[in-house]
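Commentary on secondary and tertiary structure
Here's the letter readout for the chains.
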Amino acid sequence: MTSLNGGTAFHSLHVSRFATLLFRAHALLLHHFLYPSSVLLLAADLVLSFLWASAVPFRWCPVRRKEFPDSLLREVGRDDLPAIDVFVCTADPRREPPASVASTALSAMAFDYPTDRLSVYLSDDGGSAVTLFAFMEAARFARYWLPFCKENAVVKRSPEVYFEEECSDEAGSKNLKRMYENMKDRIGRATERNYISKDLVSDEEELEIFKRWKGFSRNNHPTIIKVLLENGKDVDIAGNSLPNLIYVSREKSPASHHHYKAGALNVLTRVSGALSNAPIVLTLDCDTFSNDPRAPLRALCYFLDPSLATDLAFVQFPQRYQGINEDDIYASRYMRFFRFNPRGMDGLRGPSYVGTGCFFARVSLHGDTKAALPISSLEAGRFSTSEGVLKKAHGLAKCDYEDASSWGSTIGFRYGSLVEDFHTGYRLHCEGWRSVFCNPERAAFVGEVPKNLNDAISQMKRCVVGLYEVGFSRHTPLSYGVRKASFPVGLFYAHCAFLGVWCVPLMIYGLLPQLALINRVPLFPKVSDPWFFVYAYLFLAAYLCDLLDFLVDGVPFRRWWNDQRIWLIRGPTSYLFGTLEFLLNSLSVSAPGFNLTSKVTEEEQAERYARGYFDFAARSPFFGALAAVAVVNLSAVAVGIKRVVTGEVEIGEFSMQLALCGFVAVNCWPIYGAMFWRRDGGRMPVSVTAAATAVAGLLHMIAHLAFAFRG
């Protein structure tokens, strides 16, 4: 909140007192009530109580911040801004189109920032010649793209996005678009062939570069570092120096564990330390482009604030996405994860790292031994490509460099979990570092999300597994986090780490009351019982509080409805399957491992998504489990209504169970459509519907026997 000289402020902070008071008043009422009805319902209620208690820190002291980059520039000056290294990671050219990855890098190269202080590094974990070719093409295109952005004040500086959405009819813009389309076509042909042919390169020297790839495989190849653009040597068509652009593919060997994205980021941390060693590091996913060229200045409003700088590890921007349909049917905005929760945690030690759109202070990645990084801070920002430096950088990217070292444990990005971002942010907070949530009105970075339900569920399942790996590690937030960070911060990370346990109450309340209703077994109080109003309050208060969060943030009711529907859908899918996979992994039983989410979307699938139709076309066990729960609830509603109408049961005795069945059935409406009457390509396969119906029948039989035995 202060400036360098105690004068003009670079940013402001506002505590949301209304939200704070409202939540605290609600909290005092809510924590008193638990009403176990059976062993299973007791288990569900205990899990719900834990999840509620651990969510308290999210809303205890929410804050909002605002940055003033113009004030920063007036006081600091562009010539005194610190250097920035940008890390972009990709792993598979088939799932992550190289042209799109190159467009992401170009958007970062076009930041409104001094080019002599900007270096962009690409980590190609697939070791693909096609990806290198795409970046060589991007380096040539940058000579035209960067001056065009500055001259025309372009805001969306990803050429892929700009030419799709905002391209003007001016001659210069049209010519540049043709140039980009030609580049994209060449990259597309190389991707289809999976090699670089003579007709795609400009000279024999370039062709010789790609001959090195003969005999390489994705998991077995030497280190490759290629400086594609060097500031001071390479200039654009206007004669201005270009930022540095460096391609890195670390050494891979079947005998070494590579630690996925965290390992790639650590290699970039070391290699960039040898070449440029900028004090600020930005990490970007390969599909996350810059949507605000002044984003680095916004982050520096915090890093250059003397009151924050000493212990500020990172500034996290929220993840925002493009192409989401109007009603957000898959809850792809992740409002709780990327808006509400970070805003609440910003009032404590700060938000967690979410993997992209995050500026780090390089010193925070040093661990306990700051000399562990290759170059001292005195040389920070000095780019060098001398033979000795490049040789050293190649050694730093070797697969055995980290053997018997602290990399991944106390230095760099942390290993031990599929969600390296969450784990890294958590450990930094435990080490005493802080973070800031920077959420400007205009999205600073925009990415892609899955456009089909199966990919969306799979992505969340992977997160659940990774979060459990942190939750059940020796650094569990329940003890280590509470002790090293603070009690509320430990609770916050525990809530996230054990996200998968939502499957317990969601599965129990999604099946047990329904099966009990069919077997005429009441589980909840009658309408005349005072405890009925306790249950009604708990349900309505929780949902109304959640709805209020969305409405206050300007989110329409229908988006909130779809968000809570997807939360219910994740219960028998992402949360349940993620929990089972973690348990199997813990028992050393083979289970599906890490999978990339495809960034390629089929045209028909995209059209259905745009129109708001759920896509159930995949033959997935997720959909089998989901459909089985839907069938049980539909049958319970039908049987329950029939018995109430015919007078077989008293409505007051089963009103709560019938209401619960009806609520779940209403949320399952898209599932019923995909199972029974839709005829488009997004309908559920007949085999999945049949299997789900059989499972539902089996559940009915088991419940009948269990309740009969109980009677």
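Refer to the structure above for everything that follows.
I will try to describe carefully the structure that is included in this document. Note that this is a predicted model, so its numbers are computed, not measured. (Residues numbered from 1 in each chain as written. Predicted model: local features only at pLDDT ≥ 70, side-chain atom pairs only at ≥ 80, totals over all residues. Heavy atoms only, no water.)

1. A few points about the sheet that holds strand 4 (residues 118–124)
Strand order in the open sheet made by the eight strands is 5-6-4-3-7-11-9-12, with mixed pairing throughout. One side of each edge strand has no neighbouring strand; the edge strands of this open sheet are strand 5 (224–229) and strand 12 (434–437). If you compare each strand with its neighbour and ignore which way they point, the axes differ by 20° on average. Contacting strand 3 (84–90), strand 4, strand 5 and strand 6 (244–249), helix 5 (residues 129–151) crosses the sheet at an angle of about 15° to strand 5. Lying on the sheet, helix 10 (residues 295–303) is in contact with strand 3, strand 7 (280–285), strand 9 (312–316), strand 11 (358–361) and strand 12; it crosses strand 9 at an angle near 145°. (Pairing = 2+ DSSP bridges. Helix = DSSP H or I, 4+ residues; strand = E, 2+ residues; numbered from the N terminus. Axes fitted to C-alpha atoms, helices over the stretch in contact; angles between N-to-C directions. Contact = heavy atoms within 4.5 Å.)

2. Re the sheet that holds strand 10 (residues 320–321)
Strand order in the open sheet made by the three strands is 8-13-10, with mixed pairing throughout. Each edge of the open sheet is held by one strand with a lone partner, namely strand 8 (289–290) and strand 10. The pairing of strand 8 with strand 13 (residues 445–447) spans two bridges and is antiparallel. Note that in strand 13 the partner of F289 across the bridge is V446.

3. Topic: the environment of T646
Within the secondary structure, T646 sits in the loop between helix 22 (621–645) and helix 23 (651–667). Exposure remark for T646: the relative accessible area of 47% places this residue in the partly exposed category. Looking at T646, its side chain comes within polar contact range of the main-chain oxygen of K642, at 2.8 Å. Within the local environment of T646, its side chain forms a polar contact with the side chain of E648, the two groups lying 3.0 Å apart. (Buried < 20%, exposed > 50% of the residue type's maximum accessible area, 1.4 Å probe, protein only. Polar contact = N/O pair within 3.5 Å; in protein donor to acceptor, adjacent residues only side chain to side chain.)

4. Some points on the packing of aromatic side chains
Scanning all chains against the criterion turns up 48 aromatic pairs. Here the aromatic rings of F360 and F413 are separated by 5.4 Å at their centres, their planes lie at 80°, and the arrangement is edge-to-face. Of this pair, F360 sits in strand 11 while F413 sits in the loop between helix 13 (387–396) and helix 14 (420–430), and the two are 53 residues apart along the sequence. Overall, F413 belongs to the buried group, its relative accessible area being 0%. Seen in terms of ring centroids, F472 and F582 are 5.4 Å apart; in terms of plane orientation they differ by 25°. Their pairing is stacked. (Phe/Tyr/Trp six-rings, centres within 6.5 Å; stacked < 30°, edge-to-face > 60°.)

5. Focus on the pairing of strand 9
A large share of strand 9 lies buried, amounting to five of its five residues. The sheet contact formed by strand 9 and strand 12 spans four bridges and is parallel. For L312, the partnering residue across the bridge sits in strand 12 and is R434. Where strand 9 and strand 11 come together, three bridges link them in antiparallel fashion. When the bridges of strand 11 are listed, V315 appears paired with F359.

6. Points about unusual backbone geometry
In this structure, A404 is a non-glycine residue whose phi angle is positive, near 60°. For A404, the position within the fold is in the loop between helix 13 and helix 14. Under the relative-accessibility criterion, A404 is labelled exposed at 92%. Even without glycine at this site, R520 takes up a positive phi of about 60°. As for its position among the elements, R520 is in the loop between helix 18 (503–518) and helix 19 (530–552). In this structure R520 comes out as partly exposed when scored by relative accessible area, which is 43%.

7. Concerning the side chain of H495
Tracing the backbone shows H495 in helix 17 (residues 487–497). For H495, the side chain forms a polar contact with the main-chain oxygen of L51, separated by 3.1 Å. Among residues more than four places away in sequence, those in contact with H495 are L51, S54, A55 and F58.

8. So, the pattern of salt bridges
On inspection of all chains with the given rule, the structure shows 32 salt bridges. One salt bridge connects R270 with E402, and the closest N-O pair in it is separated by 2.7 Å. In this pair, R270 sits in helix 9 (residues 260–275) while E402 sits in the loop between helix 13 and helix 14, placing the two residues 132 residues apart along the sequence. A relative accessible area of 1% places R270 in the buried class. Overall, the relative accessible area of 16% leaves E402 in the buried class. Close ionic contact of D328 with R333 constitutes a salt bridge, the shortest N to O distance being 3.5 Å. (Salt bridge = Lys/Arg side-chain N within 4 Å of Asp/Glu carboxyl O.)

9. A short note on the packing of helix 16 (residues 477–484) against helix 17
Here helix 16 crosses helix 17 at 150°, and the two axes come no closer than 7 Å. Accordingly, the angle class assigned to the pair helix 16 and helix 17 is roughly antiparallel. Of the two possible hands of crossing, helix 16 and helix 17 adopt the one that is right-handed. Contact with helix 16, carried on its side by P477, L478, G481 and V482, involves F487, G490, Y493, A494 and A497 of helix 17 and no other residues of that element. Per-class residue counts for the contact of helix 16 with helix 17 are seven nonpolar, two polar and no charged. (Parallel < 35°, antiparallel > 145°, perpendicular 65-115°, else oblique. Left-handed = near helix turned anticlockwise from the far one by under 90°. Nonpolar A, V, L, I, M, F, W, Y, C, P; charged D, E, K, R; others polar.)

10. What to know about the environment of V248
Counting through the fold element by element, V248 comes out in strand 6. For V248, a relative accessible area of 1% gives the class buried. The spatial distance from the C-alpha of V248 to the C-alpha of Q316 is 25 Å, given a sequence separation of 68 residues. What V248 contacts, discounting residues up to four positions off in sequence, is Y121, L122, S123, D124, I224, I225, V267, L268 and V271.

11. Focus: helix 3 (residues 69–76)
Of the positions making up helix 3, those classed as buried are P69, S71, L72, L73 and V76. Structurally, helix 3 contributes buried residues whose contacts are with strand 2 (63–67) and helix 10. Remark: G77 follows helix 3 within two positions and exhibits a positive phi of approximately 90°.

12. Considering the nonpolar core
With 99 residues, the main nonpolar core has Y575, F616 and M684 as its most contacted residues. Among the elements that make up this core, the one with the highest residue count is helix 22 (eleven residues). Core analysis: the next-biggest nonpolar cluster, separate from the first, contains 78 residues, Y113, F141, L284 and Y302 among them. (Core = buried A, V, L, I, M, F, W, Y, C linked by side-chain atoms within 4.5 Å.)

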